[in-house]
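Here is what each chain is made of, one letter per residue.
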Amino acid sequence: MNYLLSKSCDDMVSRTVNGYVQRLRAYVEAADYAGYDPFDALNSPLIRRMGTRSKWVRIGAIQILRRCPLNVRPVLGIQPGHNPKALGLFLWGYTKLFASEKNSAYPDRIYYLLDLLDRLKSTGYSGHCWGYNFDWRNRTMWTPKYTPTIVNSAFIGHALLDTYFLGDVDRALDMAVGIKDFICDDLLR
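These notes cover the structure that comes with them. Since we're looking at a predicted model, the values are computed, not measured.

1. Some remarks on the layout of surface pockets
- Of the pockets and cavities examined, the largest pocket occupies roughly 510 Å³.
- Taken together, 22 residues line the largest pocket, and the ones lying closest to its centre are Met141, Thr143, Thr147, Pro148 and Thr149.
- Those elements that provide at least two residues to the lining of the largest pocket are β2 (142-143), α6 (150-167) and α7 (170-186).
- The class makeup of the residues in the lining of the largest pocket is 15 nonpolar, 4 polar and 3 charged.
- Of the volumes computed, that of the second largest pocket is approximately 250 Å³.
- If you go around the second largest pocket, you meet 14 residues; those closest to its centre are Tyr33, Ala34, Gly35, Tyr36 and Ala86.
- Only α1 (2-30) and α4 (84-101) provide two or more residues apiece to the lining of the second largest pocket.
- Residue classes in the lining of the second largest pocket are distributed as 9 nonpolar, 4 polar and 1 charged.

This is the structure we're talking about:
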């Protein structure tokens, strides 16, 4: 009896989780994997014009927008964007889903995300590397959009390696191996 009850609960949880996954997939695919980021305030043309020279205006704008309970980004002219780190996480998710479900729709999504990541890689650096799709400012440094970071490149690298090992996509391995050149040659340490 306990086995049957346990099996029934497992099935119910599995169906519930699968329902959430499919709704999330529908949402992100409809948005073409684009969205807002808590730190994307400097993508606003209005904020850029207001505080182009003041680090404190930039920091203030980022922190105010980050904490604002309402999404005022459309009013400020901020468009949803493709964050490379988020794309890497989506790639990782689709790869894991493909490995567990073998759904024929997932490879198309995987190749699409690989194409997006390839287009969004940071240029002017050795190998493959990625930054954020927005300018960023804190008290000590200014980081222009798409300046590569080890955080983004490492997250994406893990997704690429899983895509190669679980999805047998050679292109993903080529992209992942290219990250070593950025780390060895260009990473600021």
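2. Some points on the packing of aromatic side chains
- Summed over the entire model, instances satisfying the criterion amount to 7 aromatic pairs.
- Aromatic pair Tyr33 and Tyr112: ring centres 6.1 Å apart, planes at 40°, arrangement tilted. Placement of Tyr33 in the loop between α1 and α2 (45-50) and of Tyr112 in helix α5 (residues 106-120) is noted, with a sequence separation of 79 residues between them.
- An aromatic cluster is built from Tyr33, Phe90, Tyr94, Tyr106 and Tyr112, whose rings are joined through pairwise contacts.
- Here the guanidinium or amino end of Arg58 rests over the ring plane of Trp142, the centre of that ring lying 4.0 Å away.
- Across the ring face of Tyr112, the terminal group of Arg109 is positioned such that the distance to the ring centre comes to 5.2 Å.

Reading guide: rules and limits
Residues numbered from 1 in each chain as written. Predicted model: local features only at pLDDT ≥ 70, side-chain atom pairs only at ≥ 80, totals over all residues. Heavy atoms only, no water. 1 Å grid on protein atoms, 1.4 Å probe; cavity = no way out; pocket = protein on both sides within 12 Å on 5 of 7 lines; lining within 4 Å. Points joined across faces, edges and corners; volume = space filled by probe spheres on them. Helix = DSSP H or I, 4+ residues; strand = E, 2+ residues; numbered from the N terminus. Nonpolar A, V, L, I, M, F, W, Y, C, P; charged D, E, K, R; others polar. Phe/Tyr/Trp six-rings, centres within 6.5 Å; stacked < 30°, edge-to-face > 60°. Lys NZ or Arg CZ within 6 Å of the ring centre and 35° of its normal.

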